[in-house]
Amino acid sequence: MKRTVLMLAVIAGVAIAFGVFSGSGRADGIQIGAAVENFSLPDLNGETKSLNELKGKNGAVLVWLSAQCPVVKGYNDRILEISEEFKAKGINFVGINSNATESLDWVKSNASEVGYKFPILIDKNNVLADKFAASVTPEVYYFDAKNVLLYHGAIDNDRSGRNITTQYLRDAADSALGGKAISTTRANAFGCTIKRAEKQ
Amino acid sequence: MKYALKFLVSAALLVAGANCVFAQLKSDVAETKPKVVSRVTKVDDAALMAALKPNGKPLVVNFWATWCAPCIEEYPDLVKIDAEYGDKIDLVTVSLDDVADIDTGVPDFLKRMNAEMPVYLLVSQDETALIAKIRKDWSGGLPFTVIYGKDGSEAYFKEGKFKSDVLRAEIDKTLGK
């Protein structure tokens, strides 16, 4: 009896450790203030690129994108503008596409149509999205030069772009580069759910 | 006498025929009774939170938008569930479409769906705070469906497209079936 109870406790412990009992079914992701390990993914030409080789001298912004999401389409002009502005500040944008429903050709033609001037990495089977617990597009993760997560969430507080009152990502970078504390480190917004691969 | 009998039989047949025609007409009227297509009500954060309080029965809430492909795919199931469960549950949907679509895109879609449930169009003052109020670990991804028990406690939630049989089973569970 004692042995059975012990075995059940061990099984439950292992299950909790692997997030089996997690309500969302996904890990909690990267926490603000935590450093992310370097990772590598193929770009649109099939060449493997790592975070460490793509980031700028002051860090990087990972932005989860989609070729079909209308919210991303609504943000594209702002993404292009902010990515150029950030590049000048030593913070490089890196696009990630984790949508199982979007083919490489589609992502490629969309990227050239939009005119993204930063690399886009293909996250097959949403491995990176799962690791980061990325859920929607667009969703950004802003890291400093040591890969420490400083801000996670929405780019600003208005999908339409007409009534923006808070520029979450810009404010976070301005504070970090100015040596000040970031007032908002996490902001959610409505967006398209990342279309994850069906689990076998 | 013979004529009287013929008259009575003819009159009886006439009345029976008329009844049949009348009954058919009544049934046609019932079948073609115009549906009450969902009305779209614009709400702010406070009004939405007030609308998400159950009214003595389980409440199913679906967050969606016409720009969200999986939302559009699952909407016919919501319409069916709304019709099947009738008064046993309340079912409302919350559109995250642009307010400019309140008189065009959103009602046009609902009309095509033959939707009858109440529909709110959210104009949020603070999406981050509102999303966290609805569910702490909701990222804001659409579609999002939540079932509240009649006491207001969350009984089930799904971020992403729901499976119809799973949602029905969860509603049944909440109803205590």
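Fair warning: this is a prediction, and the values are worked out from it, not measured in the lab.

K.L.:
Explanation requested: the overall build of chain B in the structure shown.
P.N.:
Looking only at helices and strands, chain B has six helices and seven strands in total. When its helices and strands are written in sequence order, chain B yields α-β-α-β-α-β-α-β-α-β-β-β-α. A fraction of 72% describes how many contacts in chain B between residues 6 or more apart in sequence connect residues 24 or more apart. In the structure as shown, chain B presents an accessible area of about 9,900 Å², 59% of it carried by carbon and sulfur atoms.

K.L.:
Just checking my understanding: could you explain the state of the cysteines for this structure?
P.N.:
Simply put, disulfide is the name for a covalent bond between the sulfur atoms of two cysteines. Overall, the coordinates contain two disulfides over all chains when judged by the stated rule. The residue that forms a disulfide with C69(A) is C192(A), at a sulfur-sulfur distance of 2.0 Å. The disulfide joining C69(A) to C192(A) has a torsion of about 80 degrees about its S-S bond and is therefore right-handed. With a gap of 123 residues between them, C69(A) in the loop between β3 (59-64) and α3 (70-87) and C192(A) in strand β10 (residues 191-193) connect regions that are remote in the sequence. The partner cysteine of C68(B) in its disulfide is C71(B), sulfur to sulfur 2.1 Å. Disulfide C68(B) to C71(B): torsion about the S-S bond roughly 80 degrees, handedness right-handed.

K.L.:
Honestly, the environment of V123(B) in this entry has me stumped. Any pointers?
P.N.:
All names here are of chain B. Relative to the helices and strands, V123 resides in the loop between β4 (119-122) and α5 (127-134). Between the C-alpha atoms of V123 and L167, which are 44 residues apart in sequence, the distance is 27 Å. Discounting chain neighbours no more than four positions away, the residues touching V123 are K42, V43, D44, D45 and V99.

K.L.:
I would appreciate a short explanation of helix α6 (residues 164-175) of chain B in the present structure.
P.N.:
Along an α-helix, a turn takes 3.6 residues, which lines up residues three or four apart on a common side. Residues and elements named next belong to chain B. An ideal rise of 1.5 Å per residue puts 16 Å on 12 residues; α6 measures up with 16 Å between its terminal C-alpha atoms. Residues of α6 that are buried include every one of S164, L167, R168, E170 and I171, and no others. Each buried residue of α6 sits inside an arc of 160 degrees when the element is viewed along its axis, so together they form one side. Within α6, the exposed residues directed more than 90 degrees away from the buried face are D165 and K173. Looking at the buried residues of α6, the elements they touch are β2 (59-64), α3 (69-85), β6 (144-148) and β7 (154-159). Backbone geometry just downstream of α6 places G176 in the positive-phi region, at approximately 80 degrees.

K.L.:
Explain the nonpolar core to me, please; I cannot follow it from the model alone.
P.N.:
Taken as a class, soluble globular proteins show a tendency for nonpolar side chains to be buried jointly. Ranked by size, the top nonpolar core spans 82 residues in total, and within it F63(B), Y75(B) and L142(B) carry the most contacts. In this structure, V36(A), L54(A), F132(A) and F143(A) belong to the second largest nonpolar core, which totals 20 residues.

K.L.:
Help me understand the sheet that holds strand β6 (residues 136-137) of chain A in this model?
P.N.:
Think of a sheet as strands paired side by side through backbone hydrogen bonds, with each pair either parallel or antiparallel. Ordered in space as β6(A)-β10(A)-β5(B), the three strands form an open sheet in which the pairing is mixed. Here the strands that pair on one side only, and so sit at the sheet edges, are β6 of chain A together with β5 (141-142) of chain B. Across two bridges, the pairing between β6(A) and β10(A) is antiparallel. Its bridge partner being in β10(A), V136(A) is matched across the sheet by T193(A).

K.L.:
How do you make sense of the interface of chain B and chain A when you look at a structure like this?
P.N.:
By a widespread convention, an interface's size corresponds to the accessible area lost as its parts come together. If you look at the interface, chain B gives 18 residues, while chain A gives 19 residues. Summed over both partners, the interface of chain B with chain A buries about 1,600 Å², with 54% contributed by carbon and sulfur atoms. Of all residues in chain B, W67(B), E127(B) and S139(B) bury the most surface against chain A, accounting for 35% of the area lost on that side. Here chain B is connected to chain A by two salt bridges. Measuring nitrogen to oxygen at the nearest pair gives 2.6 Å for the salt bridge that ties E127(B) to R159(A). Counting every contact that joins chain B to chain A gives nine residue pairs in polar contact (both at pLDDT 80 or more). Elements with a minimum of two residues in the side of chain B that touches chain A: α5, β5 and β7 of chain B. Ranked by the residues each element gives to the side of chain B that touches chain A, the list is headed by α5(B), at three residues. Each residue belonging to the side of chain B that touches chain A can be placed in one class, and the counts come to nine nonpolar, five polar and four charged.

K.L.:
Which parts of the structure should I look at to understand the packing of aromatic side chains?
P.N.:
Here a ring pair, both rings aromatic, is described through the centre-centre distance and the interplanar angle of the planes. Per the counting criterion, the structure on display carries 17 aromatic pairs over all chains. Plain terms: the ring middles of F86(A) and F93(A) are 5.8 Å apart, the flat faces sit at 80 degrees to each other, and that makes the pair edge-to-face. By relative accessible area, F86(A) is classed as buried at 0%. With centroids separated by 3.9 Å and ring planes inclined at 15 degrees, the aromatic side chains of W138(B) and F144(B) adopt a geometry described as stacked. Each member of the pair, W138(B) as well as F144(B), carries the same accessibility label: buried. These aromatic residues form a ring-pair network of at least three members: F39(A), W64(A), F132(A), Y141(A) and F143(A). The ring of Y75(A) is capped by R78(A), whose NZ or CZ atom sits 3.9 Å from the centre of that ring. Directly above the ring of F157(B) sits R135(B), whose terminal nitrogen or CZ lies 3.6 Å from the centroid.

K.L.:
In this structure, what is going on with the side chain of T193(A)? I would like to understand it.
P.N.:
Structurally, T193(A) is set in strand β10. We classify T193(A) as buried; its relative accessible area is 10%. Looking at T193(A), its side chain comes within polar contact range of the main-chain oxygen of L142(B), at 2.5 Å.

K.L.:
Hey, could you run me through the pattern of salt bridges in this one?
P.N.:
Oppositely charged side chains may form a pair once their charged atoms are brought near each other. Throughout the structure, instances matching the rule amount to 15 salt bridges over all chains. Within this structure, E81(A), E85(A), K89(A), R170(A) and D174(A) form a network of salt bridges that share partners.

What counts as what
- Residues numbered from 1 in each chain as written.
- Chains lettered and ligands numbered in written order.
- Predicted model: local features only at pLDDT ≥ 70, side-chain atom pairs only at ≥ 80, totals over all residues.
- Heavy atoms only, no water.
- Helix = DSSP H or I, 4+ residues; strand = E, 2+ residues; numbered from the N terminus.
- Contact = heavy atoms within 4.5 Å.
- Areas by Shrake-Rupley, 256 points an atom, 1.4 Å probe, with all protein chains shown as cover.
- Disulfide = S-S within 2.5 Å.
- Expected span 1.5 Å × (residues − 1).
- Buried < 20%, exposed > 50% of the residue type's maximum accessible area, 1.4 Å probe, protein only.
- Arc of directions from axis to C-beta.
- Core = buried A, V, L, I, M, F, W, Y, C linked by side-chain atoms within 4.5 Å.
- Pairing = 2+ DSSP bridges.
- Buried area = accessible area lost by both parts, 1.4 Å probe.
- Salt bridge = Lys/Arg side-chain N within 4 Å of Asp/Glu carboxyl O.
- Polar contact = N/O pair within 3.5 Å; in protein donor to acceptor, adjacent residues only side chain to side chain.
- Nonpolar A, V, L, I, M, F, W, Y, C, P; charged D, E, K, R; others polar.
- Phe/Tyr/Trp six-rings, centres within 6.5 Å; stacked < 30°, edge-to-face > 60°.
- Lys NZ or Arg CZ within 6 Å of the ring centre and 35° of its normal.

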